[in-house]
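Structural features, examined
Listed below, chain by chain, are the residues.
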Protein chains: 2
Amino acid sequence: MARDRRVKYTKMILRESLIKLLLEKPIARVTVKELCEKADINRATFYTHYTDQFDLFKQIEAEFIADVNSYLDNFTLEQGETGLFQLIVKIFEYVEKNSELCRVLLGRNGDMDFQTHIMQIVGKRVFFEWGKRKKVDEIIAEYIYTYVATGSIGIIRKWLFEENQESPEKMAALVARLANKGIEAFIS
Amino acid sequence: MARDRRVKYTKMILRESLIKLLLEKPIARVTVKELCEKADINRATFYTHYTDQFDLFKQIEAEFIADVNSYLDNFTLEQGETGLFQLIVKIFEYVEKNSELCRVLLGRNGDMDFQTHIMQIVGKRVFFEWGKRKKVDEIIAEYIYTYVATGSIGIIRKWLFEENQESPEKMAALVARLANKGIEAFIS
DNA sequence: TAAGTTATTCAACACGATGTTTATTAATAG
DNA sequence: CTATTAATAAACATCGTGTTGAATAACTTA
């Protein structure tokens, strides 16, 4: 009942080949033909698993989000500001470990939809930690949430392409401080 | 020496037609054929002006950035916090006036490259206003700059797709406050 | 290990979009 | 008005697409 090893290999090599291609050019410039040539997989085989290159791309994104979630689930956090800080450290560590994929998904060849999606996923966790302790107006809160989440991803993206990367701890301290200050500005 | 009216029309109608198409689907799903049919322009004519649909798209983005810049150049700002606030109000007013195009360029069908680009352009202005008054560490400053700029664009994007939009003044007040607080957190 | 299942490959196909070229027509600038 | 030049229409080779049927190879399970 376990999944066929051939299928595993096919999906794996196609996945890796697409990521390699996306390091060079946007998904819109990638053809199914060249992807299959790079992966050394028959085109007909590709079509038994995916409808087109975008389909595969979406699945890579979905797997990434699932992986991030399960990764973050494995940590029990302390209460208060320390817990929030720890969470952000973990996020930076994860990005560091998966830098190639992150560069593809968050870089210039990534798509906006995913950006928004990952922002909501990660942002909710951070915001949840913070929300345990503070209260703000509803509409304002959503905007602050958006601001903090997109701003943080912006920092991650910059950090991701930096020559001499600062440590995850330093970055987390920076982000946590920015988030807290921005949020505190609106406590009634 | 003035540009031929036929050329003006061709470029204009192609531009408008592409924007209409981009309200429905991403640029990768748009074909030159359908674009030309929508614009009622011969395909051969399209190829005398652009290499492909991406080329036209890039030009639309470039024109947008040029337009934003010249728009913002037309305002002389007061000194200090009032000046920064005024600038942000102007940005929100601009977005409101050009909401259709902004929805295309900043929405889910926009591309990340443009997002980064516009972030730098607008962010530099805001940061310049702020930089007149404060001093911070170099590397930290760049991260804060990135954070504030991407966060602000995140807010603009959310606002752009809202049912009952808050006024530009209210939004500007929110953004200015968030920017100032985040920045002040790092003054030595 | 053997048997039956199933994924992959290969070749071929019709189809549509691409990018280019030619001659022709129509609009424009001066 | 005239010379210029842009847009059109039709045709073309080329390429990627998505699907098919038969042959082959690898896998799972008993």
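Residues numbered from 1 in each chain as written. Chains lettered and ligands numbered in written order. Predicted model: local features only at pLDDT ≥ 70, side-chain atom pairs only at ≥ 80, totals over all residues. Heavy atoms only, no water.

**Side note on the overall build of chain A**
Assigned secondary structure in chain A consists of 9 helices and 0 strands. Ordering the α and β elements of chain A from the N terminus gives α-α-α-α-α-α-α-α-α. If you line up chain A on its principal axes, its C-alpha atoms span 60 × 40 × 35 Å. Taking all 188 residues of chain A together, the buried fraction comes to 48%. Here the analysis covers contacts within chain A between residues at least 6 apart in sequence; of these, 68% occur between residues at least 24 apart. Surface exposure of chain A reaches about 9,800 Å², of which carbon and sulfur atoms provide 51%. Separation of charge centres in chain A, based on 28 positive and 28 negative side chains, amounts to 2 Å. (Helix = DSSP H or I, 4+ residues; strand = E, 2+ residues; numbered from the N terminus. Buried < 20%, exposed > 50% of the residue type's maximum accessible area, 1.4 Å probe, protein only. Contact = heavy atoms within 4.5 Å. Areas by Shrake-Rupley, 256 points an atom, 1.4 Å probe, with all protein chains shown as cover. Lys, Arg positive; Asp, Glu negative; His and termini not counted. Charge placed at Lys NZ, Arg CZ, Asp CG, Glu CD.)

**Comments concerning the relation of the copies chain A and chain B**
The transform that puts chain A on chain B rotates by 179° and translates by 0.0 Å along the axis, for an RMSD of 0.1 Å. On the angle and the small slide along the axis, the relation comes out as a two-fold axis. Among all residues of chain A, the minimum C-alpha distance to the rotation axis is found for glycine 151 of chain A, at 1.9 Å. The overlap is high: 100% of the interface residues of chain A also sit at the interface in chain B, so the same surface is used on both sides. (Least-squares fit on C-alpha atoms with pLDDT ≥ 70 in both.)

**Section: the domain arrangement of chain A**
Residue and element names in this part refer to chain A. Assigned domains of chain A: these are domain 1 (5-50) and domain 2 (61-184). At the interface, 8 residues of domain 1 touch 5 residues of domain 2. In total, domain 1 and domain 2 occlude about 630 Å² of area from one another, counting both sides; carbon and sulfur atoms represent 60% of this. On inspection of domain 1 and its partner domain 2, the count reaches 2 salt bridges. Of the charged contacts in the structure, one is a salt bridge between lysine 20 and glutamate 100, with a shortest N-O distance of 3.6 Å. (Domains from an automatic or database assignment. Buried area = accessible area lost by both parts, 1.4 Å probe. Salt bridge = Lys/Arg side-chain N within 4 Å of Asp/Glu carboxyl O.)

**Considerations on the packing of aromatic side chains**
A complete count under the given rule lists 15 aromatic pairs over all chains for this structure. Here the aromatic cluster, defined as three or more aromatic residues joined through ring pairs, consists of Phe64, Tyr71, Phe75, Tyr94 and Phe114 of chain A. Looking at arginine 103 of chain A, its charged tip hangs above the ring of phenylalanine 161 of chain A, at a distance of 6.0 Å from the centre. A cation sits over an aromatic face here: lysine 158 of chain A above tyrosine 143 of chain B, 5.3 Å from the ring centre. (Phe/Tyr/Trp six-rings, centres within 6.5 Å; stacked < 30°, edge-to-face > 60°. Lys NZ or Arg CZ within 6 Å of the ring centre and 35° of its normal.)

**Let's talk about the side chain of aspartate 111 of chain B**
In this structure, aspartate 111 of chain B sits in the loop between helix 6 (99-106) and helix 7 (112-131). Aspartate 111 of chain B gets classed as buried once you look at its relative accessible area, which sits at 17%. Residues contacting aspartate 111 of chain B, with those up to four places away along its chain left out, are Met112 of chain A together with Phe57, Lys58, Glu61 and Leu105 of chain B.

**Some thoughts on the interface of chain A and chain B**
Contacts between chain A and chain B engage 39 residues on the former and 39 residues on the latter. Contact with chain B buries area across many residues of chain A, yet Met112, Tyr143 and Tyr147 of chain A alone supply 25% of it, more than any other trio. Linking chain A with chain B are 6 salt bridges, by the criterion used here. Counting residues per element, the ones that place at least two in the side of chain A that touches chain B are helix 7 (112-131), helix 8 (138-160) and helix 9 (168-184) of chain A. In terms of residue count, the dominant contributor to the side of chain A that touches chain B is helix 8 of chain A (15 residues).

**What about the packing of helix 4 (residues 53-73) of chain B against helix 6 of chain B?**
Residues and elements named next belong to chain B. At their nearest, the axes of helix 4 and helix 6 sit 12 Å apart, and the two run at 125° to each other. In terms of orientation, helix 4 and helix 6 fall into the oblique class. For the element pair helix 4 and helix 6, the recorded crossing hand is left-handed. For the pair helix 4 and helix 6, the contacting residues are Phe57, Ile60, Glu61 and Phe64 in the first and Leu101, Cys102 and Leu105 in the second. (Axes fitted to C-alpha atoms, helices over the stretch in contact; angles between N-to-C directions. Parallel < 35°, antiparallel > 145°, perpendicular 65-115°, else oblique. Left-handed = near helix turned anticlockwise from the far one by under 90°.)

**So, the layout of surface pockets**
In this approach, a probe sized like a water molecule rolls over the atoms, and the result shows the empty space that is left. The volume enclosed by the largest pocket comes to roughly 710 Å³. The wall of the largest pocket is formed by 27 residues, among which Ile27, Ala28 and Asp111 of chain A together with Ile27 and Ala28 of chain B lie closest to the centre. Mapped onto the lining of the largest pocket, the elements with two or more residues apiece are helix 4 (53-73) and helix 7 of chain A together with helix 4 of chain B. It is helix 4 of chain B that contributes the most residues to the lining of the largest pocket, 4 residues altogether. Its residues placed into classes, the lining of the largest pocket shows 11 nonpolar, 4 polar and 12 charged. (1 Å grid on protein atoms, 1.4 Å probe; cavity = no way out; pocket = protein on both sides within 12 Å on 5 of 7 lines; lining within 4 Å. Points joined across faces, edges and corners; volume = space filled by probe spheres on them. Nonpolar A, V, L, I, M, F, W, Y, C, P; charged D, E, K, R; others polar.)

**Examining empty space enclosed by the protein**
Residues and elements named next belong to chain A. Throughout the structure, instances matching the rule amount to 4 cavities of 30 Å³ or more. Estimated volume of the largest cavity: approximately 340 Å³. Together, 24 residues line the largest cavity, and Ile91, Val122, Ser152, Ile153 and Ile156 are the ones closest to its centre. Looking at the lining of the largest cavity, the elements that each hand over two or more residues are helix 4, helix 5 (80-97), helix 6 (99-106), helix 7, helix 8 and helix 9. Of the residues that constitute the lining of the largest cavity, the class distribution is 22 nonpolar, 2 polar and no charged.

**A look at the pattern of salt bridges**
A side chain with one charge may pair with a side chain of the opposite charge, provided their charged atoms come close. By the definition in use, this model includes 24 salt bridges over all chains. Residue aspartate 52 of chain B pairs with arginine 29 of chain A through a salt bridge whose shortest N-O separation is 3.2 Å. Of this pair, aspartate 52 of chain B sits in the loop between helix 3 (43-49) and helix 4 while arginine 29 of chain A sits in the loop between helix 1 (5-22) and helix 2 (32-39), each in a different chain. Judged by relative accessible area, which is 40%, arginine 29 of chain A ranks as partly exposed. Salt bridges sharing partners connect three or more residues here, namely Glu142 of chain A together with Lys158 and Glu162 of chain B.

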